[in-house]
Amino acid sequence: ETGVTQSPTHLIKTRGQQVTLRCSSQSGHNTVSWYQQALGQGPQFIFQYYREEENGRGNFPPRFSGLQFPNYSSELNVNALELDDSALYLCASSLRDKPYNEQFFGPGTRLTVL
Amino acid sequence: KQEVTQIPAALSVPEGENLVLNCSFTDSAIYNLQWFRQDPGKGLTSLLLIQSSQREQTSGRLNASLDKSSGRSTLYIAASQPGDSATYLCAVNAGGTSYGKLTFGQGTILTVHP
């Protein structure tokens, strides 16, 4: 069973640029959630995708957008990067139809905005 | 709005001690609660998940309890080891329209010294 994978591991961008982060969900999972974790803080929910549609969104502006593909992998896109977007971005996959809905996280992508 | 608080923020103990990490949440209408471990700069590893109908879960030296009515969960670590050093995060899954969205505490940084 393959776990959750994310790419790239690290990324450095400048303010105003756009970035795309990728996540492959765990085998058999149909739901992907994205989280932003600033240094020293707990992760904050960005949004969730289920069956290729956004299914819940946290308090993040529209410049944070995403996609989920038929194989349940997902992308997080951030436009017009700001310095405060520097963080560890985590994706989590789960099987929505399973009673416990346990979430499994990937290793994260460290984004630095200069 | 669900808020999750973890106490203490940091804990340093000698090897072999039994210890308790605390997590409290403001809205008792939860679906489940998950405890995670995070090593520096890494993703989250799921330790234990407790459903709202359960009182506790055990895995090896770890035991997590849940008192939904009082909005509290504790993670008990027996016979701590230096390898247990990490940040421990609790997260609440509210269920309902927020199904799958985890609200995290800020974590407890645990250091176990030899």
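Thresholds, definitions, all that
- Residues numbered from 1 in each chain as written.
- Chains lettered and ligands numbered in written order.
- Predicted model: local features only at pLDDT ≥ 70, side-chain atom pairs only at ≥ 80, totals over all residues.
- Heavy atoms only, no water.
- Pairing = 2+ DSSP bridges.
- Helix = DSSP H or I, 4+ residues; strand = E, 2+ residues; numbered from the N terminus.
- Axes fitted to C-alpha atoms, helices over the stretch in contact; angles between N-to-C directions.
- Contact = heavy atoms within 4.5 Å.
- Buried area = accessible area lost by both parts, 1.4 Å probe.
- Salt bridge = Lys/Arg side-chain N within 4 Å of Asp/Glu carboxyl O.
- Polar contact = N/O pair within 3.5 Å; in protein donor to acceptor, adjacent residues only side chain to side chain.
- Nonpolar A, V, L, I, M, F, W, Y, C, P; charged D, E, K, R; others polar.
- Buried < 20%, exposed > 50% of the residue type's maximum accessible area, 1.4 Å probe, protein only.
- pLDDT = per-residue confidence, 0-100.
- Phe/Tyr/Trp six-rings, centres within 6.5 Å; stacked < 30°, edge-to-face > 60°.

S.K.: Is there a simple way to explain the sheet that holds strand E1 (residues 5-7) of chain A in this structure?
M.R.: By way of backbone hydrogen bonds, the strands of a sheet pair with one another, either parallel or antiparallel. Residue and element names in this part refer to chain A. One open sheet holds the 4 strands; their spatial order is E1-E3-E8-E7, and the pairing between them is antiparallel. Both edges of this open sheet fall to E1 and strand E7 (64-68), since each of them pairs with a single strand only. Across the sheet, the axes of successive neighbouring strands diverge by a mean angle of 20°, strand direction being ignored. Pairing of strand E3 (residues 19-24) with strand E8 (residues 74-78) involves 5 bridges; the strand directions are antiparallel. Bridge pairing in E8 links Leu21 to Leu76.

S.K.: For this particular structure, what's the right way to read the interface of chain B and chain A?
M.R.: A common way to express how large an interface is: the accessible area buried when the components associate. Contacts between chain B and chain A engage 22 residues on the former and 22 residues on the latter. Of the roughly 1700 Å² buried at the junction of chain B and chain A (both faces included), carbon and sulfur atoms supply 50%. Taken together, chain B and chain A are joined by 0 salt bridges. Counting across the interface, chain B meets chain A through 6 residue pairs in polar contact (both at pLDDT 80 or more). If you list the elements that add at least two residues to the side of chain B that touches chain A, you get strand E4 (32-38), strand E5 (44-51), strand E9 (86-95) and strand E10 (98-104) of chain B. Tallied by class, residues from the side of chain B that touches chain A come to 8 nonpolar, 12 polar and 2 charged.

S.K.: What is the right way to read the pairing of strand E7 (residues 62-67) of chain B from this model?
M.R.: Residues in a regular strand point their side chains to alternate faces of the sheet. Residue and element names in this part refer to chain B. Two elements, strand E6 (residues 56-59) and E7, share 4 bridges in a ladder whose sense is antiparallel. Its bridge partner being in E7, Gln57 is matched across the sheet by Ala64. In this antiparallel pair of consecutive strands, E6 and E7, the connection spans 2 residues, and Gly60 shows a positive phi of 60°. Taken together, the 6 bridges between E7 and strand E8 (residues 72-77) define a ladder with antiparallel strand orientation.

S.K.: Can you walk me through the pattern of salt bridges in this structure?
M.R.: Working definition: two side chains of opposite charge can pair if their charged atoms are close together. Counted under the stated rule, the structure contains 6 salt bridges over all chains. Between Glu82 of chain A and Arg63 of chain A there is a salt bridge, with its nearest N and O atoms 3.3 Å apart. Of this pair, Glu82 of chain A sits in the loop between E8 and strand E9 (87-94) while Arg63 of chain A sits in the loop between strand E6 (53-57) and E7, placing them 19 residues apart in sequence. Using a relative accessible area of 17% as the deciding quantity, one classes Arg63 of chain A as buried. Ionic pairing is found between Asp39 of chain B and Arg37 of chain B, a salt bridge with its closest N-O pair at 3.0 Å. When salt bridges that share partners are traced, they join Arg63, Glu82 and Asp85 of chain A into one network.

S.K.: How do you make sense of the confidence of the model for chain A when you look at a structure like this?
M.R.: Low pLDDT marks regions whose predicted coordinates should not be analysed in detail. Averaged over all residues, the pLDDT of chain A equals 93, while 96% of them reach at least 70. Within chain A, no element has a lower average pLDDT than E6 of chain A, which sits at 90, and none a higher one than strand E11 (residues 109-113) of chain A, at 98.

S.K.: I'm lost on the packing of aromatic side chains in this one. Help?
M.R.: Between two aromatic rings, the relevant description is the distance of the centres plus the angle of the planes. Scanning the entire structure with this criterion turns up 8 aromatic pairs over all chains. Ring centres of Phe105 of chain A and Phe36 of chain B lie 5.2 Å apart, and the angle between their planes is 85°; on these two criteria the pair is classed as edge-to-face. Taken together, the residues Phe105 of chain A in strand E10 (residues 104-105) and Phe36 of chain B in strand E4 connect one chain to another. Side by side, Phe105 of chain A and Phe36 of chain B carry an identical accessibility label, which is buried.

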